[in-house]
Amino acid sequence: MSIKMEAVTKKYGKDYALKNVSISFEKGRIYGLIGPNGSGKSTALKLITGLAFPDEGSVSFNNQTVSRKTSDSIAYLTELDMFYETFTVQETIDYVASQFTDFNHEKATLLLKEMKLDTTKKVKTLSKGNRGRLKLVTTLARDAEVILLDEPFSGLDPLVRDSIVKSLLRYLDFDHQILLIATHEINEIEPLLDEAIAIYYGDIIGQEKVEELREEQGLSVLEWFKQLVEKFEGENK
Amino acid sequence: MNPIKGLLKKDYRISRFLFLTWIGAMLVMLSFGIGMSAYTNQPAGTLTVIVLLGLSLAVFAPVMMLSMLVTEGKNQLWLYSPRSSYSLLLSKFAIILIYQLITQVLLTIYTAFSMYWFGKAVYEQLSIGLFLELAIFVNIGLVLLGIFLTCWITFYWTIYHALKRYPKIRNFRWLVIIFIFFGYNLLETLVLRIDAISTFIFKYNLDLLPLTSLNYEDESWNVLIDIVEIPIIPFFYFVILSLFLFYIASKLLAKKVEV
């Protein structure tokens, strides 16, 4: 099982979201796609999910070009609120469950309990933290081959962040899934990562195994990323 | 819950409020019509309401579709689904069709009530058979018109959202829609001006059903009956055009509309 992006370019207007990006992701690994806001992380995830299309290049999953149908195998947590405001929590869960055959109801029930979400509440009445939790329930309850998390900690307090990390550890099958987390909050996910990929305004400027980074170079992911950015900006002045 | 049922339930939930509001407004209008007729002892009240609501039903389906698509357009969550774009759109068509049928049944019952009970003193009565024949004819016509216009709306909406990808025309997407609208209608008018085509198109007609209208004369309402001829070729043309618009809209939704 693998995801491949080959020479992918994606533009929004005159701005490049991704510039000739080639990268692949393999089963059994946890990847961190790190970079500042607007660096192309969300676009990369949307392209993998089939929610956006490359202007140039190709994106494939298991050697098949990605399409909307690919979402059958990819659980995607968006940075944005992708909810129907008038739905209750339960209706939201039921809708997602109806669309994805890999939705695991038992897991969803456990997650709901753990996240302390009231299933009768309407989405529009939920706090930002609880919306984040609900997104996590609908994503992690799927036994999908690929899990994509786009800024899972965005705007959430430390308690919620902690519960998200715990849920990731408890509910994901790290040996059989690809987990890709896109975030600019590097410290939160560093302990989870196998590999870090640095993205900077459309360019992939580095990719490193986190263990090697720590043990051989004595760098944290954040320090490594800062070094890369300085080097990249120096070269492109 | 199977995926289609899930989609149908979702589409019902996102449109329920608007539909119930519409039904509420309709009931107010129907009551107003009865009140007016009772007060004046003339069928003018109910008749006006029947005509107004009948006309509004021609645009009910496309307005409902546009409202649903605008709701979906806010976050495009519906596109994050492995279901085909045909299924995503057909689910909305199905819900709208159910709404339209409920509304039309209500209006048909109201019309029957108005003619056979409330207006029995003032209307020259149609036979029940003829009334049913007429009701079926008008209702099928309204449903087909609704589907045809809804296909156009869906087509325009997907064109509009697909053009978002192209920065040069992104800010002029409305102009593209207007250009397609006027361009198509102009083309249709010009083609119909060609005698040979016009003659061919209206060559085959089907004497389908009586066309009725109400006429007020000597303080009495009479039902005038005439035969209506349905041109066959335009009918099939509109069916094919609807299918084509739906097909293009589905393709655009799958390949060009992005989240």
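Residues numbered from 1 in each chain as written. Chains lettered and ligands numbered in written order. Predicted model: local features only at pLDDT ≥ 70, side-chain atom pairs only at ≥ 80, totals over all residues. Heavy atoms only, no water.

## Here we look at the overall build of chain A
The criterion, for reference: Strands are runs of DSSP state E lasting at least two residues, helices are runs of H or I lasting at least four, and both sets are numbered from the N terminus onward. It is over C-alpha atoms that the radius of gyration is taken, and the globule rule equals 2.2 Å times the number of residues to the power 0.38. Partly exposed describes any residue whose relative accessible area lies between the buried limit of under 20% and the exposed limit of over 50%, with all areas from a 1.4 Å probe on protein chains only and scaled to the type maximum. Two residues qualify as a contact provided that any one of their heavy atoms is within 4.5 Å of a heavy atom in the partner residue.
When helices and strands are counted, chain A shows 8 helices and 10 strands. Over its C-alpha atoms chain A spans a radius of gyration of 18 Å, differing by no more than 12% from the 18 Å that the globule rule assigns to 237 residues. With the C-alpha coordinates aligned to their principal axes, the bounding extent of chain A is approximately 55 × 35 × 35 Å. Buried residues in chain A amount to 56% of all 237 residues. Sequence separation of 24 or more characterises 72% of the internal contacts of chain A that already satisfy a separation of 6 or more.

## Overview of the interface of chain B and chain A
Put simply, the rule reads: We define buried area as the total accessible area lost by two parts upon association, computed with a 1.4 Å probe and summed across both. The term salt bridge refers to a pairing of a side-chain nitrogen on Lys or Arg with a carboxyl oxygen on Asp or Glu at a separation within 4 Å. Here a polar contact means two N or O atoms within 3.5 Å. Within protein one must be a hydrogen donor candidate and the other an acceptor candidate, and residues neighboring in sequence count only if both atoms are side-chain atoms. Polarity classes work like this: nonpolar for Ala, Val, Leu, Ile, Met, Phe, Trp, Tyr, Cys and Pro, charged for Asp, Glu, Lys and Arg, and polar for all others, with Gly in that last group.
Taken residue by residue, the interface counts 27 residues in chain B and 31 residues in chain A. Taking both sides of the interface into account, the surface hidden between chain B and chain A amounts to around 2,500 Å²; carbon and sulfur atoms contribute 54%. Contact with chain A buries surface across chain B, with B:Arg13, B:Tyr80 and B:Pro82 losing the most and accounting together for 30% of the total. Here chain B is connected to chain A by 3 salt bridges. One salt bridge in this structure joins A:Glu91 and B:Arg13, with 2.8 Å as the shortest N-O distance. Remark: the boundary between chain B and chain A carries 13 residue pairs in polar contact (both at pLDDT 80 or more). Secondary-structure elements contributing two or more residues to the side of chain B that touches chain A are helix 1 (3-40), helix 2 (44-75) and helix 8 (232-255) of chain B. The greatest single-element share of the side of chain B that touches chain A, amounting to 6 residues, is contributed by helix 1 of chain B. Per-class residue counts for the side of chain B that touches chain A are 14 nonpolar, 5 polar and 8 charged.

## Some details on a negative patch on the surface
Selection rule: Each patch is assembled from residues with relative accessible area greater than 30% and no salt bridge, linking like charges that lie within 9 Å and nonpolar side chains (Val, Leu, Ile, Met, Phe, Trp, Tyr) that lie within 5 Å. For every accessible area listed, the method is Shrake-Rupley and the probe measures 1.4 Å; residues are considered covered only by the protein chains on display. Positive: Lys, Arg. Negative: Asp, Glu. His and the chain ends are not part of the count. Taken as the charge location is NZ of Lys, CZ of Arg, CG of Asp or CD of Glu.
Among the surface-exposed residues, A:Glu211, A:Glu212, A:Glu215 and A:Glu216 lie close enough to one another that they form a single negatively charged patch. By the secondary structure assignment, A:Glu211 is in helix 7 (residues 210-217).

## Points about the packing of helix 2 (residues 89-99) of chain A against helix 1 of chain B
Selection rule: Note on method: axes are straight lines fitted to C-alpha atoms, helices fitted across the in-contact stretch only, with angles between N-to-C directions ranging 0 to 180 degrees. Put simply, a crossing is left-handed when the front helix is turned counterclockwise from the back one by less than a right angle, and right-handed when it is turned clockwise.
Running from N to C, helix 2 of chain A and helix 1 of chain B cross one another at 145°; their axes reach a closest spacing of 7 Å. The two elements helix 2 of chain A and helix 1 of chain B meet at a crossing, and its hand is left-handed. Of the residues in helix 1 of chain B, those touching helix 2 of chain A at A:Glu91, A:Tyr95, A:Ser98 and A:Gln99 are B:Pro3, B:Gly6, B:Leu7, B:Lys10 and B:Arg13. Along the lines of polarity and charge, the residues of the contact of helix 2 of chain A with helix 1 of chain B split into 3 nonpolar, 3 polar and 3 charged.

## Some points on a nonpolar patch on the surface
Residues and elements named next belong to chain B. A contiguous nonpolar surface patch, about 960 Å² in accessible area, is contributed by Ile 128, Leu 132, Ile 136, Ile 140, Leu 144, Phe 235, Phe 236, Val 239, Ile 240 and Leu 243. Elements with a minimum of two residues in the nonpolar patch: helix 4 (128-162) and helix 8. Within the element layout of this structure, Ile 128 appears in helix 4.

## Concerning unusual backbone geometry
All names here are of chain A. Residue Ala 7 is not a glycine yet carries a positive backbone phi of 50°. Assignment of secondary structure puts Ala 7 in strand 1 (residues 2-12). The exposure class assigned to Ala 7 is partly exposed, which follows from its relative accessible area of 31%. Backbone geometry at Lys 116 places phi at a positive 55°, although glycine is not the residue there. Mapping Lys 116 onto the fold places it in the loop between helix 3 (105-114) and helix 4 (128-140). The exposure class of Lys 116 is exposed, given its relative accessible area of 71%.

## Structural notes on the nonpolar core
Using the following cut-off: In this description, a nonpolar core means a group of buried Ala, Val, Leu, Ile, Met, Phe, Trp, Tyr and Cys residues linked to one another through side-chain atoms lying within 4.5 Å.
With 133 residues, the main nonpolar core has A:Met5, A:Phe25, A:Ile48, A:Trp224 and B:Trp78 as its most contacted residues. With 10 residues, the top contributor of residues to this core is helix 2 of chain B. Contact partners of A:Ile48, with chain neighbours within four places excluded, come to A:Ile3, A:Met5, A:Phe25, A:Val59, A:Val66, A:Thr70, A:Ile74, A:Leu148 and A:Leu180.

## Topic: the confidence of the model for chain B
The test is simple: Values of pLDDT, which run from 0 to 100, indicate the predictor's confidence residue by residue.
A residue-level look at chain B finds 88% of positions with pLDDT of 70 or above and a mean pLDDT of 87. When the elements of chain B are averaged for pLDDT, strand 1 (residues 205-217) of chain B gives the smallest value, 66, and helix 8 of chain B the largest, 94.

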